[in-house]
Amino acid sequence: MPQYPSGTQQTDDADNAPDGTGLTASDAMHAPGPQVDDHMAVDVALSVLIGARVPHLLLQDEDGRCAGLVTRAQLTAHRGGSWYRDRTRLRDIPLDRGPFTSSMAVLSEAEAAMRVRALHVSPVIDEHGYALGVLALTP
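Residues numbered from 1 in each chain as written. Predicted model: local features only at pLDDT ≥ 70, side-chain atom pairs only at ≥ 80, totals over all residues. Heavy atoms only, no water.

**Student:** Explain the sheet that holds strand β5 (residues 121–125) to me, please; I cannot follow it from the model alone.
**Tutor:** Note: strands within a sheet are paired through backbone hydrogen bonds, in either parallel or antiparallel orientation. Within the open sheet, the 3 strands sit side by side as β4-β5-β6. Their pairing is mixed. Of all strands in the sheet, those bounded by a partner on one side alone are β4 (101–102) and β6 (131–136). Of the strand pairs in this sheet, β5 and β6 are connected by 5 bridges, and their pairing is antiparallel. Opposite Ser 122, over in β6, you have Leu 135 as the bridge partner. Packed onto the sheet, helix α5 (residues 107–116) meets β4, β5 and β6 and runs at close to 70° relative to β6. (Pairing = 2+ DSSP bridges. Helix = DSSP H or I, 4+ residues; strand = E, 2+ residues; numbered from the N terminus. Contact = heavy atoms within 4.5 Å. Axes fitted to C-alpha atoms, helices over the stretch in contact; angles between N-to-C directions.)

**Student:** In this structure, what is going on with α5? I would like to understand it.
**Tutor:** Those residues of α5 lying buried are Leu 107, Ala 110 and Met 114. Down the axis of α5, the buried set is contained in an arc of 65°. They therefore lie on one face. The inward-facing, buried residues of α5 contact α2 (25–28), β4, β5 and β6. (Buried < 20%, exposed > 50% of the residue type's maximum accessible area, 1.4 Å probe, protein only. Arc of directions from axis to C-beta.)

**Student:** How should the nonpolar core be read in this particular structure?
**Tutor:** One broad trend across soluble globular proteins is that nonpolar side chains are buried collectively. With 13 residues, the main nonpolar core has Leu 57, Leu 59, Val 70, Leu 75, Leu 90 and Ile 93 as its most contacted residues. At 4 residues, the largest contribution of residues to this core is made by helix α3 (residues 42–52). In this structure Leu 90 touches Val 36, Asp 37, Asp 38, Met 40, Val 42, Ala 45, Leu 59, Leu 75, Leu 95 and Arg 97, once residues within four positions along its chain are discounted. (Core = buried A, V, L, I, M, F, W, Y, C linked by side-chain atoms within 4.5 Å.)

**Student:** What am I meant to see in the sheet that holds strand β2 (residues 56–60) here?
**Tutor:** Here we have 3 strands laid out as an open sheet, ordered β1-β2-β3, and mixed in their pairing. In this open sheet, the two strands that pair with only one neighbour each are β1 (35–37) and β3 (66–71). Strand-to-strand twist across the sheet, computed as the mean angle between neighbouring axes with direction ignored, equals 35°. Where β1 lies against β2, 3 bridges are found, and the strand directions are parallel. When the bridges of β2 are listed, Asp 37 appears paired with Gln 60. On top of the sheet, α3 reaches β1, β2 and β3; it is set at about 130° to β2, its chief contact.

**Student:** Looking at this structure, I do not really get unusual backbone geometry. What am I missing?
**Tutor:** Only a minority of non-glycine residues have a phi that is not negative, and only a minority of peptide bonds are not trans. Backbone torsion omega between Gly 98 and Pro 99 reads 5°, so that peptide bond is classified as cis. Along the polypeptide, Pro 99 turns up in the loop between α4 (72–79) and β4. Notably, Arg 53 is not glycine yet its phi reads approximately 55°, a positive angle. Relative to the assigned elements, Arg 53 resides in the loop between α3 and β2. Of note in this structure, Ala 118 is not a glycine but carries a positive phi near 55°. Topologically, Ala 118 is positioned in the loop between α5 and β5.

Quick look at the structure:
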């Protein structure tokens, strides 16, 4: 058996994971795409999203930690509402603010949690709350 740092041995994760695959959210995640500050104006965020040709933006708080995910449909719907003001910030609109998917989460459990919450995509975060990528469900 190969030697690993600190005298540890690698174990077969498939034996440890409840679903038997050994896959975690980090194994199945996609690149996070554009990340913007949650104090950005909705109009600017919509322009960034359209310009980047992506389906969503990840939001960061003042410390750079993941603060949410917003889609084009959410931005467009909010912008069309009677309550909309051109200075409305992303942090002020209703959107999913977590909990987010841990990079160490067993993949089947992460997918099940997303289905229960009716999420099609979820940010994948590290142990400190920074976004590493996104996990997307396939139809």
